[in-house]
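Structural overview
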Amino acid sequence: MDNAALPSCSHLPVASGIGLRAAHHEHVATERPEIAWLEVHTENFLGGGAAPALLDTVRERYAISLHGVGLSLGSAEGLDENHLSRVAALVRRIDPAAVSDHVSWSVTRGVYFNDLLPIPYDEETLGIIARNVMRFQDAIGRPVMVENPSTYLRHAQSDRAESQFLRELCQRSGCGLLLDVNNVFVSSENHGDDAHAYLAAVAHLPIGEIHLSGHHLRQIGNRAIRIDDHGSAVSDQVWSLYEHALALIGPRPTLIEWDSALPPLETLLAEAKKAQRRLDHAKGSVA
Amino acid sequence: MRLADLQGAYRHYLLTGDSAQLAPAIVADAFDGAERLGIYRNNFLVGLSEALKANFPVTLHLLGRDFFEQAARRFVLARPPRRPCLFEYGAEFPGYLSDLPELGALPYVSEVARFEFARIASYNAAVERYVSPDTLANLPPDQLEALPIRRAQHAQVVPVKAPVAELWKAHQVPDPDLSVIDMTARPQVLLVCRPDRALVVRELDAPAAQFLAAVQDETQLGAAAAQCGAEDDMALGRIIALVLELRLLVSARA
């Protein structure tokens, strides 16, 4: 579980973890299954009631990653300070091993769209999201990670590749990258890009965590597009891309994410074991 | 396009489905801009409809999947979330349902929805410093009367006409048998609260309901006691015992 090689944005054990969802709260709190770490969606624990009390309990046994879905780092209007202060209070309370959110936006003029909406990759947007990430880091007093998105479209005004945008964002704001390998695969397939080239372009960034999840293929007429729905097992192609990523960047804390059509906890733990075998292999190669 | 303008165009598109302004900003290839945007709009509508299903599972069962999804999508477009915490989303959904003409003959559905949201609100309410038996025991009578109090945030009061608690309870097993529930209207006031980790539901008698209505906003203990209409000291004593047991009061004293 040595994590000495990780960037300062992550204190997670270099092992596999699972996303903890409401249906499994009681099971995990009482049965304490064998797993190195858990990730939760920050926004589900901001109420101050029974939910964060549960997190107080599970953090005694597991390293915790707080993964945000609602800060809307890509919003032109800046961050919602009220929401940010609630996030900062939870970070103080839980003292998680990692804090992250997404390279996307979901809030504008008082409406929250509950989706990771895409941003154009250009200079103005880079300035805005870098400023928002720095505000986030100031508010919680530590570096964060930002996750590469699954995208289904490209903006005509984008003037650089996503991988270059992420590199500039990390450099400007001092944040790390949460590398979602499934998202790399989904976006590359959807836009006819080369996933291996993408990984090569981000491999030297401060990557503190990897995400793995399932996606599905949706038919639109006689064409198909890959949709990132976190609703199934990791595909063979994504496992293969994950192995390639580990060979490029070395072992990293790796999460099995599953949100829709949530299976029994045992299924998640079995997926995490598959990731752990590949991590063990990568550690062996490094040593 | 400036990012603020682009996001304004997304807002218009997501809430109306009109992509005329936004589609030209999207690269067209095997799919045109409107098709690619449609994936995001679908995610937005399905994601929030699923959030409502998660917050209102018994209402979903009562309405059936198709009707619930249609109503949820219309609600999402009419009242999209204002905040990024989805456990807070849907406070207006019961009222929205009660205004639907199609549900005019089924008034209990929106009451069940109101009860479900009260459960969520209680579960997520912040822990506060509750008035304890010791607090009251240690105060001289004049200070007791003047004690500034208000209702704790976890204490949710739900007036209903239908047997809502019974309907909810029946749905805690698969394939509930609703034929055993007497649907005769009988006005009652339900209390949903979370004195510790678990939710508790009680039916309130009239004086207790009036006492909890009196302390919804800050007041004095003596004033609330006078307003509740308890017949004698014993009835008042039962109310005080209830609010202490379930930690329903917060001292409003700074």
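Every chain's residues receive numbers from 1 upward, in the order its sequence appears when written. Here chains are named by letter from A upward and ligands by number from 1 upward, in the order in which they appear as written. Note on the predicted model: pLDDT of at least 70 is required for a residue's local features to be given, and 80 or more for side-chain atom pairs to be given and counted; whole-chain, interface and lining totals, by contrast, use all residues.

Scanning chain B from N- to C-terminus turns up 12 helices and 6 strands. To get the radius of gyration, use the C-alpha atoms; to get the globule rule, take the number of residues to the power 0.38 and multiply by 2.2 Å. In summary, chain B has a C-alpha radius of gyration of 23 Å against a globular reference of 18 Å for 254 residues, an excess of more than 25%. If you line up chain B on its principal axes, its C-alpha atoms span 80 × 50 × 30 Å. The 254 residues of chain B split such that 35% are buried. Looking at chain B alone, contacts between residues at least 24 apart form 64% of all its contacts between residues at least 6 apart. Here a helix means four or more residues in a row that DSSP labels H or I, a strand means two or more in a row labelled E, and each is numbered from the N terminus. Counting other C-beta atoms within 10 Å of a residue's C-beta gives its exposure: the residue is buried at 20 or more, exposed at 12 or fewer, and partly exposed in between, where C-beta atoms are placed from the backbone. We call two residues in contact if the C-beta atoms placed from their backbones are at most 7 Å apart.

The next subject is the overall build of chain A. Along chain A, the regular secondary structure elements total 9 helices and 12 strands. Taking 19 Å as the expected radius of gyration for a compact globule of 287 residues, we find that chain A reaches 18 Å, a close match to that expectation. Along the three orthogonal principal directions, the C-alpha set of chain A runs to about 50 × 40 × 40 Å. Considering chain A as a whole, with its 287 residues, one finds that 52% of them fall into the buried category. Nonlocal contacts in chain A, meaning residues at least 24 apart in sequence, comprise 77% of its contacts between residues at least 6 apart.

Attention now goes to the sheet that holds strand E8 (residues 176–180) of chain A. All names here are of chain A. In this description, strands pair whenever DSSP reports at least two bridges between them. What the 8 strands build is a closed barrel, ordered E1-E2-E3-E4-E7-E8-E9-E12; its pairing is parallel. Here the average twist between neighbouring strands, direction ignored, is 30°. In the sheet, strand E7 (residues 145–147) pairs with E8 via 3 bridges, with the strands oriented parallel. By the bridge assignment for E8, Glu147 is matched with Leu178. The axes used here are C-alpha line fits, helices contributing only the stretch in contact, and every angle between their N-to-C directions lies in the interval 0 to 180 degrees.

Moving on, we get to the interface of chain B and chain A. Contact residues are listed per partner, giving 41 residues for chain B and 40 residues for chain A. For the side of chain B that touches chain A, the secondary-structure elements that each account for two or more residues are helix H1 (3–16), helix H2 (33–55) and helix H6 (107–124) of chain B. With 10 residues, H2 of chain B is the largest single contributor of residues to the side of chain B that touches chain A. Classes in brief: Ala, Val, Leu, Ile, Met, Phe, Trp, Tyr, Cys and Pro nonpolar; Asp, Glu, Lys and Arg charged; the others, Gly included, polar. For the side of chain B that touches chain A, a count of residues per class yields 27 nonpolar, 6 polar and 8 charged.

Right, let's talk about the sheet that holds strand E6 (residues 249–251) of chain B for a bit. Residues and elements named next belong to chain B. Taken together, 3 strands build an open sheet; the order of strands is E5-E1-E6 and the sheet is antiparallel. Each edge of the open sheet carries a strand with a single partner, namely strand E5 (219–220) and E6. Pairing between strand E1 (residues 148–151) and E5: 2 bridges, direction antiparallel. Its bridge partner being in E5, Pro148 is matched across the sheet by Gln220.

This part is about the nonpolar core. We define the nonpolar core as any set of buried residues of the types Ala, Val, Leu, Ile, Met, Phe, Trp, Tyr and Cys, connected via C-beta atoms lying within 7 Å of each other. Among the nonpolar cores identified, the biggest contains 146 residues, and Trp37, Ile64, Val146, Leu169, Leu177, Val181 and Leu212 of chain A are the most heavily contacted of them. Element by element, the count of residues in this core is highest for H6 of chain B, at 7 residues. In this view, Leu177 of chain A contacts Met145, Val146, Leu166, Cys170, Val202, Leu205, Pro206 and Ile207 of chain A; residues no more than four positions away in its chain are not counted.

Moving on, we come to unusual backbone geometry. The phi dihedral of Ser72 of chain A is positive, around 60°, even though this residue is not glycine. Inspection of the secondary structure puts Ser72 of chain A in the loop between strand E3 (63–67) and helix H3 (81–94). C-beta crowding within 10 Å serves as the criterion here: with 28 such atoms nearby, Ser72 of chain A is assigned to the buried category. One non-glycine residue, Arg247 of chain B, adopts positive backbone phi at about 55°. Summarising the element assignment, Arg247 of chain B is placed in the loop between helix H12 (233–245) and E6. On the neighbour-count criterion, Arg247 of chain B (20 C-beta atoms within 10 Å) is buried.

Further remarks concern H12 of chain B. In this analysis, the expected span of each helix is defined as 1.5 Å times one less than the number of residues it contains. For H12 of chain B, which comprises 13 residues, the first-to-last C-alpha distance of 18 Å matches the rise-based estimate of 18 Å (1.5 Å per residue) to within 8%. Of the residues trailing H12 of chain B, Arg247 of chain B is marked for its positive phi of about 55°.

It is worth spelling out the packing of H2 of chain B against helix H4 (residues 65–78) of chain B at this point. All names here are of chain B. Orientation of H2 relative to H4, taken along the N-to-C sense of each, is 115°, at an axis distance of 9 Å. Crossing handedness for the pair H2 and H4: right-handed. When H2 is examined against H4, the residues Leu45, Leu48, Ser49, Leu52 and Lys53 are found in contact with a partner set consisting of Phe68, Glu69, Ala72, Arg73 and Val76. By residue class, the composition of the contact of H2 with H4 is 6 nonpolar, 1 polar and 3 charged. By convention, the crossing between two helices is left-handed when the near helix turns anticlockwise from the far helix through less than a right angle, and right-handed when the turn is clockwise.

To continue, consider H4 of chain B. Residues and elements named next belong to chain B. Taking 1.5 Å per residue as the helical rise, H4 with its 14 residues ought to reach 20 Å, and the 20 Å between its terminal C-alpha atoms agrees with that figure. Here H4 has its buried residues at Phe68, Ala71, Ala72, Phe75 and Val76. The buried side chains of H4 occupy one side of the element, clustering within an arc of 140° when seen end-on. Residues of H4 that are exposed and point more than 90 degrees away from the buried face comprise Asp66 and Ala78. What the arc describes is the spread of directions from the helix axis to the C-beta atoms.

This part is about the environment of Ile119 of chain A. All names here are of chain A. With respect to the helices and strands, the residue Ile119 is situated in the loop between strand E6 (111–117) and helix H4 (123–140). For Ile119, a count of 27 C-beta atoms within 10 Å puts it in the buried group. Apart from the residues within four sequence positions on either side, Ile119 is in contact with Gly74, Val103, Ser104, Trp105, Thr125 and Ile129.

In short, geometric facts, not functional conclusions.
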